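Structural features, examined
Here are the chains, one letter per residue:
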Amino acid sequence: LLQKINRLTTYLWCAKLEYVIERKEIFMDSKALSDEIIHLFTRMNKIKFFRNIAPNLTPSETDVLMLLFCHLEETGEELTVKDISSFFEIKTSTTIQFVNSLEKYNYIKRKNDPKDKRITLVSLTNYGKKVAEIVDKNKQEVMRQIILSEDVQEIKNSFALINRILNTIDAIPIQTISIREDMNQ
């Protein structure tokens, strides 16, 4: 009987150890996957997709330049500072900093809306439009290279997966942690 109890104890201990090891492998696999996802998104965020066409512009300023260009191409209209802020989901003060820089280098010009003097319209200068056309052409070439080097179905599947991951991340409620020390203690 004692021998059976010892074997059963050993079996249970081994089973428990195996379970712990299995759980740890799952955790480590999930941590490695999590780290890889974060690394991938960080890397994607750092890629200068538009390259250094206009080396005096930051990536964010280039994004604003390209928004103005694409909007002009699609609608033929100018954008307001508020439109740009809304599109990028940033504060108006941040948008104004980008607009100031773009204006300083003669990529854009500002004017008051003739219908409402409180509204500032932003448009490309001829120089800004030329630079944006070059950036757009380079972007199209990068996309062409990607499509030529990869299977189109794999690209579609990858985009679908990335979108599902982003949707999952967006669906997770953000918890704000507030830690305060009582100064009277």
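Above this note sits the structure.
Presented here is an overview of the structure given in this document.

Here is what the cut-offs are and how they apply
- Residue positions within a chain follow its written sequence, with the count starting from 1.
- Two thresholds apply to this predicted model, a pLDDT of at least 70 for residue-level local features and 80 or more for giving and counting side-chain atom pairs, whereas whole-chain, interface and lining totals are computed over all residues.
- Side-chain numbers here rest on the full set of heavy atoms in the structure, without hydrogens or water.
- Put simply, a salt bridge is a Lys or Arg side-chain nitrogen that is within 4 Å of an Asp or Glu carboxyl oxygen.
- A helix here means a DSSP run of H or I that spans at least four residues, while a strand means a run of E at least two residues long, and both kinds are numbered starting from the N terminus.
- A simple rule labels every residue: compare its accessible area, found with a 1.4 Å probe on the protein chains alone, to the largest value its type can have, and call it buried under 20%, exposed over 50%, or partly exposed in between.
- A pair of strands is labelled paired if DSSP reports no fewer than 2 bridges between them.
- Any two rings among Phe, Tyr and Trp, with Trp reduced to its six-membered ring, count as a pair given centres within 6.5 Å; such a pair is stacked if its planes are under 30 degrees apart, edge-to-face if over 60, and tilted if neither.
- What makes two residues a contact is simply this: any of their non-hydrogen atoms within 4.5 Å.
- The axes are straight lines fitted to the C-alpha atoms, using for helices just the contacting stretch, and the angles between their N-to-C directions are given from 0 to 180°.

Turning our attention to the pattern of salt bridges. Taken as a whole and assessed by the stated rule, the structure comprises five salt bridges. The salt bridge partner of Arg110 is Glu103, with a shortest N-O separation of 2.6 Å. Notably, a salt bridge pairs Lys139 with Asp136, separated by 3.3 Å at the nearest N-O pair. With Lys139 and Asp136 both in helix H5 (residues 126-149) and three residues apart, this pair spans about one turn of that helix. Residue classification places Lys139 among the partly exposed positions, given a relative accessible area of 25%. Since its relative accessible area comes to 14%, Asp136 is described here as buried.

With that out of the way, let us pick up the pairing of strand S3 (residues 116-124). The pairing of strand S1 (residues 79-80) with S3 spans two bridges and is classified as antiparallel. What sits directly across from Thr80, in S3, is Leu121. Where strand S2 (residues 108-113) meets S3, six bridges bridge the pair, whose relative direction is antiparallel. Bridge pairing in S3 places Lys111 opposite Leu121. Following S2, the chain reverses through two residues before pairing antiparallel with S3.

This part takes up the packing of aromatic side chains. Tallied over the full model, the rule gives two aromatic pairs. Taking 5.0 Å as the distance between ring centres and 90 degrees as the angle between the ring planes, the aromatic pair formed by Phe87 and Phe88 counts as edge-to-face. Taking the relative accessible area as the measure of exposure, Phe88 reaches 27% and is therefore partly exposed.

Right, let's talk about the sheet that holds S2 for a bit. The three strands lie next to each other as S1-S3-S2, forming an open sheet whose pairing is antiparallel. If you trace the sheet from one side to the other, it starts and ends with S1 and S2, each paired once. This element, helix H4 (residues 92-104), spans S2 and S3 of the sheet and lies at about 125 degrees to S2.

This part takes up unusual backbone geometry. The backbone of Glu89 shows a phi angle near 55 degrees, a positive value even though the residue is not glycine. Summarising the element assignment, Glu89 is placed in the loop between helix H3 (81-88) and H4. Residue classification places Glu89 among the exposed positions, given a relative accessible area of 73%. A positive phi angle, near 65 degrees, is found at Asn106, a position not held by glycine.

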